[in-house]
Amino acid sequence: MPPGITTLAADTPTLSAANTGFMLICTALVMLMTPALAFFYGGMVRVKSTLNMLMMSFISLGIVTILWVLYGFSIAFGTDSGGVIGWSSDYVGLSGIGITELWDGYTIPVYVFAAFQLMFAVLTPALISGALADRVKFTAWALFIALWVTIVYFPVAHWVWGAGGWLFEMGVIDFAGGTAVHINAGAAALGVILVIGKRVGFKKDPMRPHSLPLVMLGAGLLWFGWFGFNAGSWLGNDDGVGAVMFLNTQVATAAAMVAWLAYEKIRHGAFTTLGAASGAVAGLVAITPAGGSCSPLGAIAIGAVAGLLCALAVGLKYKFGYDDSLDVVGVHLVGGVVGSLLVGFFATGGVQSDAKGLFYGGGLDQLGKQATGVFAVLAYSLIVSAVLAFALDKTMGMRVPEDDEVSGIDQVEHAETAYDFSGAGGGTGSRKAQPAAAAAHTAAGPAAAETKNTKVDA
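Note that the structure is predicted; figures quoted are calculated from it, not measured.

Visitor: Would you mind going over the packing of helix α8 (residues 241-268) against helix α9 (residues 273-290) with me for this structure?
Guide: Packed helices, taken two at a time, are described by the angle their axes make and the gap between the axes. Across the interface, α8 lies against α9 with an axial gap of 7 Å and an inter-helix angle of 140 degrees. Classified by the interaxial angle, the pair formed by α8 and α9 is oblique. Note on packing geometry: the crossing formed by α8 with α9 is right-handed. Between α8 and α9, the contacting residues are Met245, Asn248, Thr249, Ala252, Thr253, Ala256, Met257, Trp260, Leu261 and Glu264 on the first element and Gly275, Ala276, Ser278, Gly279, Ala280, Ala282, Gly283, Leu284, Ile287 and Thr288 on the second. Split by residue class, the contact of α8 with α9 holds 11 nonpolar, eight polar and one charged.

Visitor: Explain the pattern of salt bridges here, please?
Guide: Opposite charge on two side chains permits pairing when their charged atoms draw close. Summed over all chains, the structure comprises seven salt bridges. One salt-bridge network, held together by shared partners, links Arg46, Asp134, Arg135, Arg199 and Asp323.

Visitor: How should I be thinking about the packing of aromatic side chains in this particular structure?
Guide: Two aromatic rings are characterised by how far apart their centres lie and by the angle between their planes. Counted by the stated rule, this structure contains 25 aromatic pairs. For the pair Phe73 and Trp103, a centre-to-centre distance of 6.1 Å together with 50 degrees between the ring planes defines the contact as tilted. With Phe73 in helix α2 (residues 50-77) and Trp103 in strand β4 (residues 102-103), the pair connects residues that are 30 residues apart, well separated along the chain. Between Trp103 and Phe113, the aromatic rings sit 4.0 Å apart at their centres with planes inclined by 15 degrees, giving stacked as the arrangement. Separated by 10 residues along the polypeptide, Trp103 in strand β4 and Phe113 in helix α3 (residues 110-128) bring together distant segments of the chain. Judged by its relative accessible area of 10%, Trp103 falls in the buried class.

Visitor: Explain the side chain of His332 to me, please; I cannot follow it from the model alone.
Guide: As for its position among the elements, His332 is in helix α12 (residues 328-346). If we skip the residues at most four places from it in the chain, His332 touches Tyr41, Leu127, His182, Ile183, Val281, Val285 and Asp327.

Visitor: In this structure, what is going on with the packing of α3 against helix α6 (residues 178-196)? I would like to understand it.
Guide: The N-to-C vectors of α3 and α6 enclose an angle of 30 degrees; their axes lie 8 Å apart at closest approach. When the interaxial angle is binned, α3 and α6 end up roughly parallel. As for the relative orientation of α3 and α6, their crossing is right-handed in sense. Counting all contacts with α3, which are made through Phe120, Thr124, Leu127 and Ile128, the residues of α6 involved are Ala180, Val181, His182, Ala185, Ala188 and Ala189. Partitioned by chemical class, the residues of the contact of α3 with α6 number eight nonpolar, two polar and no charged.

Conventions adopted
- Counting of residues starts from 1 at the beginning of each chain's written sequence and follows it residue by residue.
- Local features are withheld for residues below a pLDDT of 70 in this predicted model, meaning they are given only at 70 or higher, and side-chain atom pairs are given and counted only at 80 or more; totals for whole chains, interfaces and linings count all residues.
- Hydrogens and water molecules were not included; the side-chain quantities draw on all heavy atoms of the structure.
- Axis geometry follows a simple rule: fit a line to the C-alpha atoms, using only the stretch in contact for helices, then measure angles between N-to-C directions, giving values from 0 to 180 degrees.
- Labels follow the DSSP assignment, with helices taken as runs of H or I lasting at least four residues and strands as runs of E lasting at least two, numbered in each case from the N terminus.
- Each angle gets one of four labels, with under 35 degrees taken as roughly parallel, over 145 as roughly antiparallel, 65 to 115 as roughly perpendicular, and the rest as oblique.
- Each crossing gets its hand from how the near helix is turned against the far one by less than a right angle, where anticlockwise is left-handed and clockwise is right-handed.
- Throughout, a contact is declared for two residues whenever any of their heavy atoms are within 4.5 Å.
- Put simply, Ala, Val, Leu, Ile, Met, Phe, Trp, Tyr, Cys and Pro go in the nonpolar bin, Asp, Glu, Lys and Arg in the charged bin, and everything else, Gly too, in the polar bin.
- Throughout this description, the term salt bridge denotes a Lys or Arg side-chain nitrogen within 4 Å of a carboxyl oxygen of Asp or Glu.
- Pairing of aromatic rings covers Phe, Tyr and Trp, the last through its six-membered ring, and needs centres within 6.5 Å; plane angles under 30 degrees mean stacked, over 60 mean edge-to-face, and all others mean tilted.
- For each residue, the accessible area found with a 1.4 Å probe, counting protein chains only, is set against the maximum for its type, and the residue is called buried under 20%, exposed over 50%, and partly exposed in between.

In short, the description is geometric, and any link to function would need to be established separately.
Written out as structure tokens, the structure is:
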């Protein structure tokens, strides 16, 4: 029987209805984050790309779920092989698992653990999609997801969280996915956009969010779902660690939002809704690896640092010329790096483990471990993702034709449009009003920190 499974016997933990129920709720909350991400990204693109952006997240729910059942769970959490990959025949198709079997050392069924981890696997490639807005063929994207989770996400999840995984055994702290989810997705996004290139009109045409209310709705739902994402990662409620993580999630998110807005006011002269949403997400990303090892005061510091540095980072795309459409690199990659490294400073040694950071007398040891995890995942995901994108681009083509991109990817790829204006005020008049309405949504900063200077936005 592979590691991770125990049977209900007198000398083993017994199934806890409370922990099992809690984890099922957390699993549902994490599932909600993928549709929430779809709304968050969907509001940030132009009208003509809205449905495509929604679908790039939703298709992950379909593809990754099937692959996780077939072999993904086995690769990520099966018996270790060399610290790099897992594999257990009982996990293939989830066919060798009984309903009374518990995840090793815990009081929840293996099926519940598998379902919870599945939602992380679904969300991670969906995060990448925000960098690729307006220009990627839907079939190519679907195939990329299947290849990427197989070659990148499943093995990296084993490195970080699997028993025997080399980063897990080294002692790298990643409570809920700073490396495996956010750095992984952010580095992948950078690798792909370096291959497929910029959108037509990048740095020339206005590319402002078409619906800031959708962005705020998505951000609010992400914030809500993130409590399951983070607090649920302790897999139970028996010792208070999950409660600390829950509180730290709220605290860091609030600090990051305030820090981003303060930067925005100083730099651009306004507090924008897009800045509030982006700052909140930056805080959520940064506290994900760190919240189980720091105090609430440490969470404030981590959130504030992440909010400021991510706000600065989103402008780098204009300086270096890479078209990260919705700032996946600036928020998820940078936020994940910040949160993961700050564990090496703010770990108190009194929450999830006895590992202490520099500010609590632990020296540089934990920081060195965190840096190893950060740069190993970053490098692997960046390189492999770029190779996958290059291979797909040279075979089936990753991008839609330029004319289709200009006319609108929604109509070309999905034969639909997000909004039907034909019945609003009469045919021609309503169509003339459409671009004016879209243009009315402006963003003074956040996801495109240089809006006032460059007149472009994500």
